[in-house]
Amino acid sequence: MTIHLGRDICGNLEQAESREWLVTNGIGGFASGTISGLLTRRYHGLLIAALKPPLGRTLLLNQLDEMVEYNNQFYPLYTNRWADGAVAPRGFQDIESFHLEGSIPRWTFACGDALLDKRVWMQQGENTTYVRYTVRRASSPLVLSLKVLVNYRDYHGETQGANWQTMVNGLKQGICIRAFPDAVPLYIFADVDRHRATSSRKQRLGIEEPRWMLANNWYRGFDLAQERYRGLRDREDRLYIANLELMLKSGDSLTMVASTESNPNLIGKVALKERQTYEESLIQRWHERVNVPAKTAPQWIEQLVLAADRFIVNRTLPDEPNGKTIIAGYPWFGDWGRDTMISLPGLTLATGRPGIARTILRTFSYYLDRGMLPNLFPEAGDTPMYNTVDATLWYFEAIRAYHAATADKSLLEELFPKLAEIIDWHCRGTRHNICWDSRDGLLYAGEEGVQLTWMDAKVGNWVVTPRIGKPVEVNALWYNALLIMADFARKLGKSDRAYIQLAEQTRQGFQRFWQEKAGYCYDVLDSPTGDDAALRPNQIFAVSLPTRRTPDFPPLLTPTKQRRMVARIARSLLTSYGLRSLSPNDPNYQGTYGGNPVERDGAYHQGTVWGWLLGHFVQAHQHAYNDRAMAKEFLEPMKLHLNAACVGNLSEIFDGNSPMTPRGAIAQAWTVAEVLRVWLLLNED
């Protein structure tokens, strides 16, 4: 599948600004924008550096505004929308095409009979962005001018222009910008790659080398339409710091290098080749290690293999200098325990990278405390937040999937004592009233003002879906964890008796969830207001898990109940892109996600569609009906979604109502991971 968009999309501003691009650097930094060139979010820019990897993300370079002078005509190739609603200039009208080369966005601009290509990528492991311009065709030389607009702010914020004492120093091939004395410097370099020597008059006059002209002017009143939709401040100012001018002829290239490094690789064509080689190696490894022949592999799945890599980043620890973690989503999420454990099988094992899975599992083991994994590593400070009941239970499933793929007994031996300690803490009780109820074998969790399940929206002191009590998916995961422990104990020559006994008691107690007349499970038992009969997708895990099924490891529900439940979820919750978080027939259902933070969080789990749930629905459908062909069909809409929203990636959420517009994070780890994981599961022999 080649993602290639022409003038019908690129030349239509409404269409072009609704599609975004994303490149990353493996340490938490990224660059992003819309294919129109218009920046519509506070999170858009050419260099958002992770100054404290994988966090501390800071916007340094907003944009390079390109102007081409060719045959006595001027072509502004950039697009801005201003506070009064005006769109000027309208450079999107000169975009002839946009497509992805692997994960590298590439624009082709038409300026008369000339064609100018633009590519953007980042250096793996560095806060370095490359923007490379190549004249593909021109009947005479053209002059390319670039205005450099910079910033220095937390990526969640916005800048209102002030009297910054910005310092700019000239360098051999560029400039060094320091927003204030203690700021991390931004280096911008220019590398020229000439196709062949020339002696044109203009080049003899000095434009054969990049000509820098310094400035210090605030451009005020940029409009941020997506922030307005999110109910946030929608205006920003940017500092015009310098201009570069250079003459190029057909075949020539100019590479702009923006970096926090003083000595990055300045040879543009070499850096581009390195990036291309890196991505080719990802695809080759996938073919070799997961045994998917190149001739039969769908191109859209290969695209997801590349997308998966964007979420895997470094997290250095004192005892684990090569530690790894997973960014939950771009542009605004950090690394979350829950998202990491859910995403790990799809992002690492399904892409043929078990070594990274091993490192992540070990990295997170250092943060186990009182039988819990942290849910959130905060942006500031070193104290993680232990406000999740399910992240720790997903840890068991991630380890199970890793061991199934690798048979790595040494890691099992290392982690088993910690897993046993987790079970012990849950049985005797840990934070937030998380405790095992000996009367029915079920896990109870929750207290006023705390959101513990994945439905974790909270505004101030308002927990939108508190789900205090015995949540259905938590107990499906608890049962799964107990069976995993029994299996691990056997593999290590230990007694599995205690885990089997706990699991059987949980299985019997789980029958309390079943509503015979309704044909589906309660969402929460024993809540402060009684049993919650709302039709939600959380029960799907009772069918999709456990993946291991033998006489000693029976499913939670009978085959008949499984089919009834899956059918009911399919009728009420299934959409093209995932499962609704609440039935449309529920009086609390909200089918559109948008507005200010209170409005958005109020709808987040009250009908909004979640893409990651599609994977477990497909797996549950396969378990219930054993119809692999039909199960595969449920994934097809995601193939088309790669052409929308964040091109080449999958969104976090979608409206519950048609046309199910993508919302939330433009690229979400567990959505990509679950589609990859279940696709591979359905295509295994």
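Predicted model, so just to flag it, every value in this text is computed and none were measured.

Trainee: Is there a simple way to think about the overall build of the protein in this case?
Mentor: The secondary structure content of the protein amounts to 19 helices and 37 strands. Whereas a compact globule of 685 residues would reach a radius of gyration of roughly 26 Å, the protein reaches 26 Å, a difference of no more than 12%. Oriented by its inertia axes, the alpha-carbon framework of the protein measures out at about 90 × 50 × 50 Å. Across the 685 residues that make up the protein, the buried fraction comes to 63%. Partitioning the contacts of the protein with sequence separation of at least 6, the portion at a separation of at least 24 is 66%. Carbon and sulfur atoms make up 48% of the accessible area of the protein, which totals about 25,000 Å². Averaging the locations of the 76 positively and 75 negatively charged side chains of the protein gives two centres separated by 2 Å.

Trainee: Hey, could you run me through the pairing of strand β13 (residues 142-154) in this one?
Mentor: Looking down a regular strand, the side chains alternate between one sheet face and the other. For β13, the buried fraction is high: 11 of the 13 residues fall into the buried class. As defined by bridge partners, strand β5 (residues 55-70) adjoins β13 across 10 bridges and the pair is classed as antiparallel. Bridge pairing links Gln63 to Leu149 in β13. The pairing of β13 with strand β18 (residues 235-248) spans 9 bridges and is antiparallel. Bridge pairing in β18 places Val143 opposite Met247.

Trainee: Whenever I open this one, the sheet that holds strand β35 (residues 653-654) confuses me. Can you help?
Mentor: Strands in a sheet are paired, the pairing made by backbone hydrogen bonds, and the direction either parallel or antiparallel. Spatial strand order, β32-β33-β34-β35-β36: 5 strands in an open sheet with antiparallel pairing. Of all the strands in the sheet, the pair left with one neighbour each is β32 (574-575) and β36 (662-663). With 2 bridges connecting them, strand β33 (residues 578-580) and strand β34 (residues 609-610) associate as antiparallel partners. Within β34, the position partnered with Leu579 by the bridge is Trp610. Packed onto the sheet, helix α16 (residues 613-625) meets β32, β33 and β34 and runs at close to 100 degrees relative to β33.

Trainee: Please explain the packing of aromatic side chains as it appears in this structure.
Mentor: Aromatic rings in a pair are described by how distant their centres are and how their planes are angled relative to each other. All chains considered together, the criterion is met by 29 aromatic pairs. An angle of 65 degrees between the planes, with centres 6.3 Å apart, marks the rings of Phe30 and Tyr155 as edge-to-face. You can see Phe30 sitting in strand β3 (residues 30-34) and its partner Tyr155 sitting in the loop between β13 and β14 (167-170), a full 125 residues away along the chain. Judged by relative accessible area, Phe30 falls into the buried class, the value being 0%. Taking 5.2 Å as the distance between ring centres and 80 degrees as the angle between the ring planes, the aromatic pair formed by Tyr152 and Phe180 counts as edge-to-face. You can see Tyr152 sitting in strand β13 and its partner Phe180 sitting in the loop between β15 (174-178) and β16 (186-193), a full 28 residues away along the chain. Classification of Tyr152 by relative accessible area gives buried; the value is 19%. A residue is classified by how much of its surface remains accessible, and Phe180, at 38% relative accessible area, is partly exposed. Three or more aromatic residues link up through ring pairs in this structure, and these residues are Phe30, Tyr43, Tyr155, Phe311, Tyr330, Trp332, Phe333 and Trp336. One residue, Arg238, lies across the ring of Phe222, its end atom 4.0 Å from the ring centre.

Trainee: What is the right way to look at the nonpolar core in this model?
Mentor: Side chains that are nonpolar tend, in soluble globular proteins, to be buried together. Formed by 210 residues in total, the largest nonpolar core has its most connected members in Leu61, Met256, Leu304 and Leu361. In terms of residues, this core owes the most to one element, helix α11 (residues 472-491), which gives 14 residues. Residues in contact with Leu61, not counting those within four places in the same chain, are Gly45, Leu46, Leu47, Val148, Leu149, Val150, Leu186, Ile188 and Ala258. If you look at the next biggest cluster of nonpolar residues, it comprises 10 residues, including Trp121, Tyr187, Val257 and Leu266.

Cut-offs and rules
- Residues numbered from 1 in each chain as written.
- Predicted model: local features only at pLDDT ≥ 70, side-chain atom pairs only at ≥ 80, totals over all residues.
- Heavy atoms only, no water.
- Helix = DSSP H or I, 4+ residues; strand = E, 2+ residues; numbered from the N terminus.
- Rg over C-alpha atoms; globule rule 2.2 N^0.38 Å.
- Buried < 20%, exposed > 50% of the residue type's maximum accessible area, 1.4 Å probe, protein only.
- Contact = heavy atoms within 4.5 Å.
- Areas by Shrake-Rupley, 256 points an atom, 1.4 Å probe, with all protein chains shown as cover.
- Lys, Arg positive; Asp, Glu negative; His and termini not counted.
- Charge placed at Lys NZ, Arg CZ, Asp CG, Glu CD.
- Pairing = 2+ DSSP bridges.
- Axes fitted to C-alpha atoms, helices over the stretch in contact; angles between N-to-C directions.
- Phe/Tyr/Trp six-rings, centres within 6.5 Å; stacked < 30°, edge-to-face > 60°.
- Lys NZ or Arg CZ within 6 Å of the ring centre and 35° of its normal.
- Core = buried A, V, L, I, M, F, W, Y, C linked by side-chain atoms within 4.5 Å.

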